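# Reading the structure
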Amino acid sequence: MKTAEELRTKLKSIDHRGYPAYKELKGQYDFRDYVLSIDHVQGDPFAAPSRLSVIVSGKKAGFPAAYYDTYEKRITLQDHLTRLFGAQLNRGSKQANGSGKSGLLAASRCGQEVMERTACRVESTFAGAALRQSRASASEPVRTQTIGRTVSGPGTVTLRFEAGFPARGRTIDAGELEKMLFDILPGCVRNSLYYTRIDQNKLQAAIELCEDQQAVRRKLPELGLCAFIANGSILPRQSGVSDRPMENAVPFQSPDSMKVTLTLPNRGQVSGMGIPKGVTLFVGGGYHGKSTVLQALQNAVYNHINGDGRELVIADESAWKLRSEDGRSVTGVDISPFIRQLPGGRDTRHFSTLDASGSTSQAANLMECMEGGSSLILIDEDTSATNFMIRDKLMQEVVSPAEEPIIPFIERVRSLYEDFGISSIIVAGSSGSYFHVADHIIQMKEYVPLDITRKAKAAAEAFPAFSTKQDRFPAFSQRRMPKPNMALKKDDRLKMKAMGVNELSLGYDAVELRYVEQLRDSEQTMALAYILKQLELKDMNGRRSMQELADLIEGQLDTGGLESLFEGGDVRASLARPRRQEILACVNRYRKLGM
Ligand code: ADP
Ligand code: MG
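Since the structure is predicted, the reported quantities are computational estimates derived from the model, not experimental observations. (Residues numbered from 1 in each chain as written. Chains lettered and ligands numbered in written order. Predicted model: local features only at pLDDT ≥ 70, side-chain atom pairs only at ≥ 80, totals over all residues. Heavy atoms only, no water.)

### Looking at the coordination of the magnesium ion (ligand 2)
Going by this rule: The donor set covers N, O and S atoms within 2.8 Å of the metal, switching to 3.2 Å for Na, K and Ca, and it leaves out water, so a site may look short of donors. Comment: elements are numbered from the N terminus, with helices defined as DSSP H or I runs of at least four residues and strands as E runs of at least two. The buried label applies to any residue whose accessible area, calculated with a 1.4 Å probe on protein chains only, is under 20% of its type's maximum; exposed applies above 50%, and partly exposed to all values in between.
Each protein donor to the magnesium ion (ligand 2) is listed here as S291 (OG) and D382 (OD); together their distances run 2.1 to 2.2 Å. Residue S291 is found in helix α6 (residues 290–299), and its partner D382 is found in the loop between β22 (376–380) and α8 (386–389); the two are separated by 91 residues along the sequence. Note on S291: relative accessible area 19%, which makes it buried. Judged by relative accessible area, D382 falls into the exposed class, the value being 56%.

This is the structure in structure tokens:
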């Protein structure tokens, strides 16, 4: 490895030369307290910034081993360090001047969720630290990867970030880069990646919160619950464009009948609403907070940071927001349990379309979510197709069942739970029909949940149950085995792009993810692009089922990390880990999917 002084000398020698001479800086440099690695140098001052990383040995970084001895704690530590380092870089950014992106310094921007990201990696030798709790029983052996690193060993911190190498016009301004790498960066590293230098209480609080969150997740199945919302939680967000907690919101308070008290390792006794497995209904007048509860639950598949308000809102990790999504493409899905036949005799056991309707899209979403192994479905009337949810009595009399191809969800919801163990939480403010099939009915009244199960059931007795026939779920097929797209096979250099959270592209094909609501971060979307490319070029072979493909990717990410998605080890700091559900959702919306 070269020394920092050699870097300084090299910098002096390329000053005032053409921008491409910056490429000569690629390599690793010993800064004594850490290693600076210049991984990729941008082509010109206006191009995407250069990619760098700093590597601090475990001994020097000094974080307690107990902070990274499980997967969840390791991810929490990594998340915390990314935020600290990012804040430091923000302060140092643009202090060096020049054209284009000169002087820019930036790390990944983290939102309210704690996610695994390529931005930061803490090495761990603990077997459990590689695997998520939910997969800890998986039988794959655990490998920890240390590819081409000169500093390694437990506790080693790698932080990846971006830097705009300074130029005047297109001429190298080495003095400004020297300022960035020798004056600004060392302070950023010292103030965020050294345990002795950071606010240890804040880090401890983050780790302790993670332990409590995992304790709740573990307890949910033991207690027969599919979700938990702690009393005092703040569910509403600041605004449609801000994910931060609303100020002066009404804190959540469980009805007594559903109150559950948990004993957590750090916070001790915490009470809140336990939503039992089965069918749960949220009703109430418009604007009383129903959708807000459901949105908190759909995001509760992630851990949230301290101060978010949803720290102890925890749901089944496989929860799937089921909604209508007209216009999406569907490939070879058996939707016959919900839609028997379509005009023109179209086959619904192998349904494909490039432009699904509201009800067919929602049916396909449900069948795909069963294929993906979800055990909790979340439905909001606001985003559902009415004819998928319900058919009223008058309509049944006028349009005979033989003419109506749709079997509404209400006729399947109990079988979904009783035969497949899939619970449903449904927001339905406008139809009382679901009273007949629900186990628990909660009314939201001025943001306060009230248990009205008894009252609603009594009232429902007086009304005959219609459209609630509960036949057993019919047999259906889940053997979808995507074939590779031959036109793409030749081209390894397929371009990938993420357009914010909502869309990605692979080559010329866009995948629309706007309605995949539990996808939260554009870095997850970018990871999906890498995953889709790998599946397309390597793993889809016409013999692996969708489940097997998802297992394959999850196994790879568990053992090799997100880093394994980069061939040749040129890891970028721009990926966050998506769930199995979103991986499958992405593949399912890929318009070139061939069966
Ligand atoms: P619904 O689905 O019942 O029509 P929403 O969940 O959309 O109602 O909520 C209506 C409005 O009330 C939203 O602007 C939301 O931010 C706000 N809100 C929701 N819950 C609370 C709360 N606990 N405290 C204060 N405002 C809230
Ligand atoms: Mg609503």
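### Some details on the site of ligand 1
The condition is simple: Any residue with a non-hydrogen atom lying within 4 Å of a molecule or strand is treated as near it. Residues adjacent in sequence count toward polar contacts only when both atoms are side-chain atoms; beyond that, a polar contact is any pair of N or O atoms within 3.5 Å, and within protein one must be able to donate a hydrogen and the other to accept it. Think of it as three bins: nonpolar holds Ala, Val, Leu, Ile, Met, Phe, Trp, Tyr, Cys and Pro, charged holds Asp, Glu, Lys and Arg, and polar takes everything else, Gly as well.
In the vicinity of ligand 1 there are 13 residues, among which V250, Y287, K290, S291 and T292 approach most closely. A distance of 2.6 Å separates an oxygen atom of ligand 1 from a polar atom in the side chain of T292. Grouping the constituent residues of the shell around ligand 1 by class yields six nonpolar, six polar and one charged.

### Some remarks on the packing of aromatic side chains
Note the cut-off: Between rings of Phe, Tyr and Trp, where Trp is taken as its six-membered ring, a pair exists when centres lie within 6.5 Å; planes separated by under 30 degrees are stacked, by over 60 edge-to-face, and by other angles tilted. Only lysine NZ and arginine CZ atoms are considered, and such an atom sits over a ring when it is within 6 Å of the ring centre and within 35 degrees of the ring normal.
Applying the stated criterion to the full structure yields 14 aromatic pairs. Taking the centre distance of 5.4 Å and the plane angle of 35 degrees together, the rings of F338 and F388 count as tilted. Separated by 50 residues along the polypeptide, F338 in the loop between β20 (330–333) and β21 (351–353) and F388 in helix α8 bring together distant segments of the chain. Accessibility assignment for this pair places F338 and F388 in one class, buried. Ring centres of F420 and F476 lie 6.0 Å apart, and the angle between their planes is 50 degrees; this geometry places the pair in the tilted category. Placement of F420 in helix α10 (residues 413–420) and of F476 in the loop between α11 (453–461) and α12 (486–489) is noted, with a sequence separation of 56 residues between them. A relative accessible area of 37% places F420 in the partly exposed class. Note on F476: relative accessible area 23%, which makes it partly exposed. Just above the ring of F182 sits the side chain of R8; from NZ or CZ to the centre is 4.2 Å. Taking NZ or CZ as reference, R412 lies 5.7 Å from the ring centre of F473, over its face.

### Observations regarding the packing of helix α13 (residues 522–539) against helix α14 (residues 546–560)
As a reminder, the rule being used: In this analysis an axis means a line fitted to C-alpha atoms, helices contributing only their contacting stretch, and an angle means the value between N-to-C directions, from 0 to 180 degrees. What makes a crossing left-handed is the near helix being turned counterclockwise from the far one by less than a right angle; a clockwise turn instead makes it right-handed. Working rule for contacts: check all heavy atoms of both residues, and any pair within 4.5 Å makes them a contact.
One way to put it is that α13 packs onto α14 with a least axis distance of 12 Å and a crossing angle of 115 degrees. Read as a crossing pair, α13 and α14 show a hand that is right-handed. Along its contact with α13, which presents I531, Q534, L535 and D539, the element α14 presents L549, L552, I553, Q556 and L557. Of the residues assigned to the contact of α13 with α14, the class counts are six nonpolar, two polar and one charged.

### Points about the confidence of the model for the chain
Convention followed: Scored from 0 to 100, pLDDT records how confident the predictor is in each individual residue.
Predicted confidence across the chain gives a mean pLDDT of 93, with 95% of residues reaching 70 or more. This stretch, residues 137–149, has a pLDDT under 50; its non-local contacts, to residues over four places away or in other chains, come to 16 contacts.

### Remarks on helix α1 (residues 4–14)
Spelled out, the test is: This arc is taken over the directions from the axis of the helix to the C-beta atoms.
Among all positions in α1, only A4, L7, L11 and I14 are buried. Taken end-on, α1 shows its buried residues confined to a sector of 85 degrees, consistent with a single buried face. Every exposed residue of α1 that faces more than 90 degrees away from the buried side is listed here: T9 and K12. Residues of α1 that are buried in the fold lie against β1 (2–3), β2 (27–30), β3 (35–40), β10 (171–172) and α4 (174–193). Residue H16 follows α1 closely and has a positive phi angle near 70 degrees.

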